[in-house]
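# Geometric and topological summary
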Amino acid sequence: MKVTLATHGGLAAAVNLRLPPRVLDTDTLPENAASELARLAAAAVATPEADQPSRARDAMSYTITVEDGGRSTVLKQSDAAMTPAFAALLTRLQKYLEQQ
């Protein structure tokens, strides 16, 4: 499974525009970590997006793309409206990307 994280907006919006999305191939993770990420991704996909309130000033938005078995799923949420399942996936994904 390949998971891509792109961030947009926030106080560093101009800097983030120049940064490419970060990519994590779960084949590079220990088996238990890869299984956990797959479980979190499945939960985030299955959870409906939160209702989008009015835009929050300087809020970050996140696009997580999950590619698995020839299928690609794109999840988009922001700091202003984020489901707990998406937040759990984002937190764990950021942790693994920092370790690369």
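Everything here concerns the structure above.
Residues numbered from 1 in each chain as written. Predicted model: local features only at pLDDT ≥ 70, side-chain atom pairs only at ≥ 80, totals over all residues. Heavy atoms only, no water.

## Thoughts on the environment of Ala42
As a reminder of what qualifies: A helix here means a DSSP run of H or I that spans at least four residues, while a strand means a run of E at least two residues long, and both kinds are numbered starting from the N terminus.
Tracing the sequence through the fold places Ala42 in helix H2 (residues 31-46). Between the alpha carbons of Ala42 and Ala85 there is a distance of 9.1 Å; along the sequence they are 43 residues apart.

## Concerning the sheet that holds strand S2 (residues 22-25)
Spelled out, the test is: Two strands are counted as paired when DSSP detects at least two bridges linking them. The axes are straight lines fitted to the C-alpha atoms, using for helices just the contacting stretch, and the angles between their N-to-C directions are given from 0 to 180°. Note on contacts: a residue pair qualifies if any of its non-hydrogen atoms lie within 4.5 Å across the two residues.
The four strands lie next to each other as S2-S1-S3-S4, forming an open sheet whose pairing is antiparallel. If you trace the sheet from one side to the other, it starts and ends with S2 and strand S4 (71-78), each paired once. With direction set aside, neighbouring strand axes in the sheet form an average angle of 15 degrees. Note that strand S1 (residues 2-9) and strand S3 (residues 60-68) share eight bridges and pair antiparallel. Counted as the bridge partner of Gly9 is Met60 from S3. Here H2 sits on the sheet in contact with S1, S2, S3 and S4, set at roughly 70 degrees to S4.

## Observations concerning the layout of surface pockets
We apply this condition: Cavities and pockets were defined on a 1 Å grid built over protein atoms only: a cavity is a set of grid points that admits a 1.4 Å probe from which the probe cannot escape, a pocket is an open set flanked by protein on both sides within 12 Å along at least five of seven lines, and lining residues are those with an atom within 4 Å of any such point. Grid points are joined across faces, edges and corners, and a volume is the space filled by probe spheres set on the points. We call Asp, Glu, Lys and Arg charged. Ala, Val, Leu, Ile, Met, Phe, Trp, Tyr, Cys and Pro are nonpolar, and the rest, Gly among them, are polar.
Size it by volume and the second largest pocket reaches roughly 170 Å³. Every residue lining the second largest pocket is counted, eleven residues in all, and those nearest its centre are Leu5, Thr7, Leu19, Pro20 and Arg22. For the lining of the second largest pocket, the element with the most residues is S1, which contributes four residues. Here the lining of the second largest pocket is composed, by residue class, of six nonpolar, four polar and one charged.

## Section: the pattern of salt bridges
Definition in use: Note on definitions: salt bridges are taken to be side-chain nitrogens of Lys or Arg within 4 Å of carboxyl oxygens of Asp or Glu. Residue exposure (1.4 Å probe, protein chains only): buried if accessible area is under 20% of the type maximum, exposed if over 50%, otherwise partly exposed.
Per the counting criterion, the structure on display carries two salt bridges. Residues Glu67 and Lys2 are paired through a salt bridge, measuring 3.9 Å at the closest nitrogen-oxygen approach. Residue Glu67 is located in strand S3, and its partner Lys2 is located in strand S1; the two are separated by 65 residues in the primary sequence. Take Glu67: its relative accessible area is 33%, and that puts it in the partly exposed class.

## Some words on the side chain of Thr4
Inspection of the secondary structure puts Thr4 in strand S1. The buried category is assigned to Thr4, whose relative accessible area is 13%. In this view, Thr4 contacts Pro21, Arg22, Val23, Thr63, Ile64, Thr65 and Glu67; residues no more than four positions away in its chain are not counted.

## Some words on the packing of H2 against helix H3 (residues 84-98)
Definition in use: Under this scheme an angle from 65 to 115 degrees is roughly perpendicular, one under 35 degrees roughly parallel, and one over 145 degrees roughly antiparallel; angles in between are oblique. In this scheme the crossing of two helices becomes right-handed for a clockwise turn of the near helix relative to the far one and left-handed for an anticlockwise turn of less than a right angle.
In contact at an axis separation of 8 Å, H2 and H3 are set at 150 degrees when each is read in the N-to-C sense. Viewed along their axes, H2 and H3 adopt a mutual orientation that is roughly antiparallel. Like other packed secondary-structure pairs, H2 and H3 cross with a definite hand, here left-handed. When H2 is examined against H3, the residues Ala33, Glu36, Leu37, Leu40, Ala41, Ala43 and Ala44 are found in contact with a partner set consisting of Ala85, Phe86, Ala88, Leu89, Arg92, Leu93 and Tyr96. When its residues are assigned to classes, the contact of H2 with H3 shows twelve nonpolar, no polar and two charged.

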